[in-house]
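The lines below spell out each chain.
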Amino acid sequence: MIEEIEVLDSTGERRKISVNQLPVTCPRCNTYLSANVLGAIVTGTKSDARRDAIAVCQCTSGPCGSIFTAFYTIVTEGGVEEGRLLQSRPLEYSAPSEFSEAIRNLSPVFCLTYVQASYAEENGLSEICGAGFRRSLEFLCKDFAISRLKTDDAEVRKNKIIRSSLSQCIDEYLPDAIKDAAHRAAWLGNDETHYYRAWSERDIRDLKALIQLTAKSIDFTLEMEHYIALMPAPKM
Ligand SMILES: [Zn+2]
């Protein structure tokens, strides 16, 4: 279906040009959408051999709402210009961490690795971003497990956690309330790093959702413990 977008050209004139399509997915959250075009420019003049148009769009998926750019090449046939969509890219900026302060303090490496894996995903590195998400999960689980060691043999146990496999760490050191999400995230994470994919019907979105759920479960546990420590018993 041919769509139209309003462009500002190099002479300062505004006019409508046809484009073969508007972006159909958001490059940040991958949701299917009808993009909201906030504005567009077209380069050069009609006599130039090569012309491009860049549209600034906003994701219409409520929780995301990211701003991204859509690149078009302009093809002129029979005097009629048409923009053909080449690619959509998220704006490159250092995104504020989507994790709470408690999680950022608990595991800065988790947050950093997660952001880098997201960046890889947004830039089309679909074969390797999963391994990054899997790595971030390992830091989250192990940093949390280590943070809970309080006994005299903490140092010995810390070394055990560092060397344990991710699934061992989840089994032996995480509270039950966190295990369900963490184990499932680990299963999908393994699929991202191994030749054989056991969960072929699940994808990177499920992996990210489960990592986020693991972080939320940890967050919930930490916040609850904070208030229990502040208010251990009813006041008489
Ligand atoms: Zn989006």
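Residues numbered from 1 in each chain as written. Predicted model: local features only at pLDDT ≥ 70, side-chain atom pairs only at ≥ 80, totals over all residues. Heavy atoms only, no water.

1. Brief notes about the overall build of the chain
And then number 1: Looking only at helices and strands, the chain has 7 helices and 6 strands in total.
And then number 2: Reading the chain from its N end, one meets helices and strands in the order β-β-β-β-β-β-α-α-α-α-α-α-α.
And then number 3: Scaling as 2.2 N^0.38, a compact globule of 236 residues should have a C-alpha radius of gyration of about 18 Å, whereas the chain reaches 24 Å, well beyond that.
And then number 4: Each of the three principal axes of the chain carries a C-alpha extent, and together these read 80 × 55 × 25 Å.
And then number 5: Excluding contacts between residues fewer than 6 apart, the proportion of contacts in the chain whose partners are at least 24 apart in sequence is 47%.
And then number 6: In the structure as shown, the chain presents an accessible area of about 14100 Å², 54% of it carried by carbon and sulfur atoms.
And then number 7: Taking the average location of the 27 positive side-chain charges in the chain and that of its 33 negative ones, the two points are 3 Å from each other. (Helix = DSSP H or I, 4+ residues; strand = E, 2+ residues; numbered from the N terminus. Rg over C-alpha atoms; globule rule 2.2 N^0.38 Å. Contact = heavy atoms within 4.5 Å. Areas by Shrake-Rupley, 256 points an atom, 1.4 Å probe, with all protein chains shown as cover. Lys, Arg positive; Asp, Glu negative; His and termini not counted. Charge placed at Lys NZ, Arg CZ, Asp CG, Glu CD.)

2. Description of the packing of helix α3 (residues 129-147) against helix α7 (residues 204-230)
When two helices pack together, their arrangement is given by the angle between the helix axes and by the axis-to-axis distance.
And then number 1: Interhelical geometry of α3 versus α7 gives an angle of 15° and a closest axis separation of 10 Å. Of the possible angle classes, the one that applies to α3 and α7 is roughly parallel. For the element pair α3 and α7, the recorded crossing hand is left-handed. For the pair formed by α3 and α7, the contact residues are Cys 129, Gly 130, Phe 133, Ser 136, Leu 137, Leu 140, Cys 141 and Phe 144 on the first element and Ile 204, Leu 207, Lys 208, Ile 211, Thr 214, Ala 215, Ile 218, Thr 221 and Leu 222 on the second.
And then number 2: A class-by-class count of the residues in the contact of α3 with α7 yields 12 nonpolar, 4 polar and 1 charged. (Axes fitted to C-alpha atoms, helices over the stretch in contact; angles between N-to-C directions. Parallel < 35°, antiparallel > 145°, perpendicular 65-115°, else oblique. Left-handed = near helix turned anticlockwise from the far one by under 90°. Nonpolar A, V, L, I, M, F, W, Y, C, P; charged D, E, K, R; others polar.)

3. With respect to the domain arrangement of the chain
And then number 1: Parsing the chain into structural domains produces domain 1 (3-90) and domain 2 (101-230).
And then number 2: The C-alpha-based centres of domain 1 and domain 2 are spaced at 38 Å.
And then number 3: Listed by partner, the interface residues are 5 residues for domain 1 and 4 residues for domain 2.
And then number 4: Summed over both sides, the interface between domain 1 and domain 2 buries roughly 440 Å², with carbon and sulfur atoms accounting for 31% of that surface.
And then number 5: Interface area lost by domain 1 to domain 2 is led by Arg 28, Asn 30 and Pro 90, which between them contribute 67%.
And then number 6: Scanning the region where domain 1 abuts domain 2 turns up 1 residue pair in polar contact (both at pLDDT 80 or more). (Domains from an automatic or database assignment. Buried area = accessible area lost by both parts, 1.4 Å probe. Polar contact = N/O pair within 3.5 Å; in protein donor to acceptor, adjacent residues only side chain to side chain.)

4. With respect to the pairing of strand β1 (residues 3-8)
And then number 1: One ladder, built from 6 bridges, connects β1 with strand β2 (residues 14-19); its direction is antiparallel. Looking at β2, one finds that Glu 6 is bridged to Lys 16.
And then number 2: Linking two consecutive strands that pair antiparallel, namely β1 and β2, is a turn of 5 residues; a positive phi of about 90° is found at Gly 12 within it. (Pairing = 2+ DSSP bridges.)

5. Quick word on the nonpolar core
And then number 1: The biggest cluster of nonpolar side chains holds 34 residues, and the ones touching the most others in it are Ile 103, Phe 110, Phe 133, Cys 141, Leu 174 and Ile 211.
And then number 2: Those elements giving two or more residues to this core turn out to be α1 (101-106), α2 (108-122), α3, α4 (154-163), α5 (166-173), α6 (176-193) and α7.
And then number 3: Per element, the largest residue contribution to this core is 7 residues, and it comes from α3.
And then number 4: In this structure, Phe 110 is in contact with Phe 99, Ile 103, Ser 136, Leu 137, Phe 139, Leu 140 and Ile 211, ignoring residues within four places of it in sequence.
And then number 5: The next biggest cluster of nonpolar side chains, apart from the first, holds 19 residues, and it includes Ile 5, Cys 57, Ala 70 and Ile 74. (Core = buried A, V, L, I, M, F, W, Y, C linked by side-chain atoms within 4.5 Å. Buried < 20%, exposed > 50% of the residue type's maximum accessible area, 1.4 Å probe, protein only.)

6. Some remarks on the environment of Pro 175
And then number 1: Turning to its location among the elements, Pro 175 is positioned in the loop between α5 and α6.
And then number 2: For Pro 175, a relative accessible area of 25% puts it in the partly exposed group.
And then number 3: Sequence separation between Pro 175 and Pro 90 is 85 residues; the distance between their C-alpha atoms is 37 Å.
And then number 4: The residues touching Pro 175, leaving out its near neighbours within four places in the chain, are Phe 144 and Arg 148.

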